[in-house]
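# Structural features, examined
Single-letter residue listing:
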Amino acid sequence: MMRIMNTDEIKREIEKWLQNYFVDKGSFNKKLYDAMYYSISAGGKRIRPLLMLLTYSLYDKNYKSILPIACSMEMIHTYSLIHDDLPCMDDDDLRRGRLTNHKVFGENIAVLAGDALLNEAFIVMFDYCSKNVSKQSIDSCNLICNAAGAEGMIGGQVVDVLSEHCTITEEQLLYMHNKKTGAIIKASIMAGAILGGAPPKELDYLRKFGDKLGLAFQIKDDILDVEGDIEKLGKKVNVDEDKDKATFITLYGIDKCKAICSELTCSCLEVLNNLDGDISILKQLTQYLLFRQN
Ligand code: GRG
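Note that the structure is a prediction, hence the values are computed from the model and not measured. (Residues numbered from 1 in each chain as written. Predicted model: local features only at pLDDT ≥ 70, side-chain atom pairs only at ≥ 80, totals over all residues. Heavy atoms only, no water.)

## As for the overall build of the protein chain
Scanning the protein chain for helices and strands turns up 15 helices and two strands. In terms of overall dimensions, the protein chain is globule-like: its C-alpha atoms have a radius of gyration of 18 Å, near the 19 Å expected for 294 residues. Taking the principal axes of its C-alpha atoms as reference, the protein chain extends roughly 55 × 50 × 30 Å. Across the 294 residues in the protein chain, those meeting the buried criterion constitute 52%. In the protein chain, once contacts between residues fewer than 6 apart in sequence are set aside, the share between residues at least 24 apart is 72%. Split by element, the accessible area of the protein chain, about 13,900 Å² in all, is 53% carbon and sulfur. Separation of charge centres in the protein chain, based on 35 positive and 42 negative side chains, amounts to 5 Å. (Helix = DSSP H or I, 4+ residues; strand = E, 2+ residues; numbered from the N terminus. Rg over C-alpha atoms; globule rule 2.2 N^0.38 Å. Buried < 20%, exposed > 50% of the residue type's maximum accessible area, 1.4 Å probe, protein only. Contact = heavy atoms within 4.5 Å. Areas by Shrake-Rupley, 256 points an atom, 1.4 Å probe, with all protein chains shown as cover. Lys, Arg positive; Asp, Glu negative; His and termini not counted. Charge placed at Lys NZ, Arg CZ, Asp CG, Glu CD.)

Given below as structure tokens:
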């Protein structure tokens, strides 16, 4: 009998992999691992690894074989959160329901913990590639590295930093969010599909899905910053307004943002309908992201 997968089961595997990875790490540098593990074990929705594993599962049910790559994505994401919270960036003291990394470990260790998580992600990816030598593994890791870099997440973050207290165009705002948030989400989806051996036509559909989902995710993030609950979010609200940041809310207003977010979600579901595999869990996750409270 075929076992039915669900997101809770996959999330448990992600948590287990991450926990095992950090067991008994470090000596004189142990504080660094403590700081890395503090932020990575603080929870979080694990959307990026989940998306990667679910997309992979469309083509190969043995999703556990790519857990290292999926978890390296979570390492990259967590590094970006640690750095984003630093005093020189957003200067936040609450993240994932806990004090931010620098509030607990100090700014110097927090910077290094972020750096080390990014490096650790590269180590995990290289290790996977050397054990699974194939064009798919190299292409997917290459894609992830690009999505995290100057033409991806960091590129978007730069526009975010430079646009504080400024008026920016719709084009700049879209660039900022497509890169800062969208690039890593899309790369998770595409890397999963490439590793699973998706045919080119399906890769095209998943690229479209990734673009739309990344944008919907960021607009929802902007909505939650205005209407969310600090307890559920595990981070401060009204941060964008306090920091005088350009967001989708400042550009379109909250009602239009909600409408765009719903339209994008519908469009994501339509794109998924073109795929041959069992898209039911991917659809559930897409809808959950629209209605999420955190
Ligand atoms: C390199 C100095 C330096 C800084 C990098 C790139 C960067 C800092 C920050 C950008 C990352 C960022 C905060 C993007 C916004 C994306 C976003 C909506 C993050 C929250 O993601 P969720 O909701 O969080 O998935 P959880 O906690 O659930 O994982």
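## As for the packing of aromatic side chains
In this structure the tally under the stated criterion is five aromatic pairs. Note on tryptophan 17 and tyrosine 21: the rings are 5.1 Å apart at their centroids and 15° apart in plane angle, and the pair reads as stacked. Of this pair, tryptophan 17 and tyrosine 21 both sit in helix H1 (residues 7-22), four residues apart, which is roughly one turn of the helix. Tyrosine 21 carries the same exposure label as tryptophan 17, and that label is buried. By the ring-pair criterion, three or more aromatic residues cluster together here, those being Trp17, Tyr21, Phe22 and Tyr37. It is arginine 98 that lies over the ring of tyrosine 38; its NZ or CZ is 5.0 Å from the centre. Over the ring of phenylalanine 217 we find arginine 292; its NZ or CZ atom is 4.1 Å from the centre of that ring. (Phe/Tyr/Trp six-rings, centres within 6.5 Å; stacked < 30°, edge-to-face > 60°. Lys NZ or Arg CZ within 6 Å of the ring centre and 35° of its normal.)

## Examining the site of the ligand
Taken together, 18 residues surround the ligand, and among them Lys45, Arg48, His77, Asp84 and Arg96 come closest. A distance of 2.6 Å separates an oxygen atom of the ligand from a polar atom in the side chain of lysine 45. One of the side-chain N or O atoms of histidine 77 is found 2.7 Å from an oxygen atom in the ligand. Computed on the free molecule, the ligand has an accessible area of 740 Å², of which 88% lies beneath the protein chains in the complex. Mapped onto the shell around the ligand, the elements with two or more residues apiece are helix H4 (67-84), helix H8 (153-162), helix H9 (170-196) and helix H10 (200-227). Across the shell around the ligand, the residue classes tally to five nonpolar, six polar and seven charged. (Near = heavy atom within 4 Å. Polar contact = N/O pair within 3.5 Å; in protein donor to acceptor, adjacent residues only side chain to side chain. Nonpolar A, V, L, I, M, F, W, Y, C, P; charged D, E, K, R; others polar.)

## A few points about the nonpolar core
Counting 75 residues, the largest nonpolar core has Met75, Ile76 and Phe209 as the members making the most contacts within it. Tallying contributions element by element places helix H6 (residues 107-131) first for this core, with 11 residues. For methionine 75, the residues in contact, after removing those within four places along its chain, are Trp17, Tyr21, Phe22, Ile40, Leu117, Glu120, Ala121 and Val124. Of all hydrophobic cores here, the second largest spans 15 residues; its members include Ile168, Ala216, Ile223 and Ile249. (Core = buried A, V, L, I, M, F, W, Y, C linked by side-chain atoms within 4.5 Å.)

## Regarding the environment of threonine 169
One can find threonine 169 in the loop between H8 and H9. Threonine 169 gets classed as partly exposed once you look at its relative accessible area, which sits at 41%. When the C-alpha atoms of threonine 169 and alanine 246 are compared, they prove to be 9.3 Å apart, with 77 residues separating the residues in sequence.

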